[in-house]
Amino acid sequence: MVKEAIAAFLVLGAVVATSAREPNVLAKFDGGIGVIPVTGGAGTPDANGTLPNVKLNVVRGVSPAGPWRIANLNAVVEADGHILVKGNGLLLASGNGIGTNANASVFATLICEAALPFTQHNTASVALAPNGDFIINDTLNPAPDECASPVLLIRSSGSGVWFAAGIPNLGGN
């Protein structure tokens, strides 16, 4: 009976501690999606073989880069705007530099609106490691007040195009 009471107390303590932390979390992301720059093409090809009606994969006003892949991405955004992003294997997925980091530096952008106008909440940039790994530990500028429809983009510090997106954890796990 005493063991059961202790176990119940420990479980209750863990639930209370987790519940106390969760209100500070504005958004979580578990997993990542590498950019696929084109969402579709239509019409008769031009003489050079290109499609005249190519639709770029623009996400909430941010243009895509060429194909990139990401092995893993996890991020937590706190209510005060602090963000911690850990990414692994962000590498080129096409062209002569395939499998390299292209000497890129990246920054994170959180967008909370589902429709225009979009506010971009950005971090400072960090360089990708040769294997495409990176950690961003920063405060979003400006810090969001709330985030009803979170999208997290990992973007090029040079051109601002997006390389990868976080998969929102909407279940709170």
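That block above? That's the structure.
The model shown is predicted, which means the values in this text are computed figures rather than measured ones. (Residues numbered from 1 in each chain as written. Predicted model: local features only at pLDDT ≥ 70, side-chain atom pairs only at ≥ 80, totals over all residues. Heavy atoms only, no water.)

Caption draft 1: A nonpolar patch on the surface, seen in detail. Judged by side-chain polarity, Val38, Leu51, Val54, Leu56 and Val58 come together as a nonpolar surface patch covering roughly 370 Å² of accessible area. Within the secondary structure, Val54 sits in the loop between strand S2 (38-40) and strand S3 (55-56). (Patch = residues over 30% accessible without salt bridge, like charges linked within 9 Å, V, L, I, M, F, W, Y side chains within 5 Å. Areas by Shrake-Rupley, 256 points an atom, 1.4 Å probe, with all protein chains shown as cover. Salt bridge = Lys/Arg side-chain N within 4 Å of Asp/Glu carboxyl O. Helix = DSSP H or I, 4+ residues; strand = E, 2+ residues; numbered from the N terminus.)

Caption draft 2: Molecular detail of the nonpolar core. Formed by 36 residues in total, the largest nonpolar core has its most connected members in Trp68, Val85, Leu90, Phe134 and Ile154. Mapped onto this core, the elements with two or more residues apiece are strand S1 (25-34), strand S5 (72-78), strand S6 (82-88), strand S8 (105-111), strand S11 (134-139), strand S12 (151-156) and strand S13 (162-168). Aside from chain neighbours lying at most four places away, what touches Trp68 is Gly34, Val35, Leu90, Leu91, Leu92, Ala93, Thr100, Asn101, Ala102, Ala104, Leu128 and Phe163. (Core = buried A, V, L, I, M, F, W, Y, C linked by side-chain atoms within 4.5 Å. Buried < 20%, exposed > 50% of the residue type's maximum accessible area, 1.4 Å probe, protein only. Contact = heavy atoms within 4.5 Å.)

Caption draft 3: Examining the state of the cysteines more closely. Under the counting rule described, the total for this entry stands at one disulfide. The side chain of Cys112 participates in a disulfide bridge whose partner is Cys147; the two sulfur atoms lie 2.2 Å from each other. One quick way to see it: the torsion about the S-S bond of Cys112 and Cys147 is about -95 degrees, and its sign makes the bridge left-handed. Remark: Cys147 occurs in the loop between S11 and S12 and Cys112 occurs in the loop between S8 and strand S9 (120-122); sequence separation between them is 35 residues. (Disulfide = S-S within 2.5 Å.)

Caption draft 4: Structural detail: the packing of aromatic side chains. Inspection of every chain in the model, using the stated rule, returns one aromatic pair. Aromatic pair Trp68 and Phe163: ring centres 4.0 Å apart, planes at 15 degrees, arrangement stacked. Taken as a pair, Trp68 in strand S4 (residues 68-69) and Phe163 in strand S13 lie far apart in primary sequence, 95 residues in all. Phe163 matches Trp68 in its accessibility class, with the two residues each being buried. (Phe/Tyr/Trp six-rings, centres within 6.5 Å; stacked < 30°, edge-to-face > 60°.)

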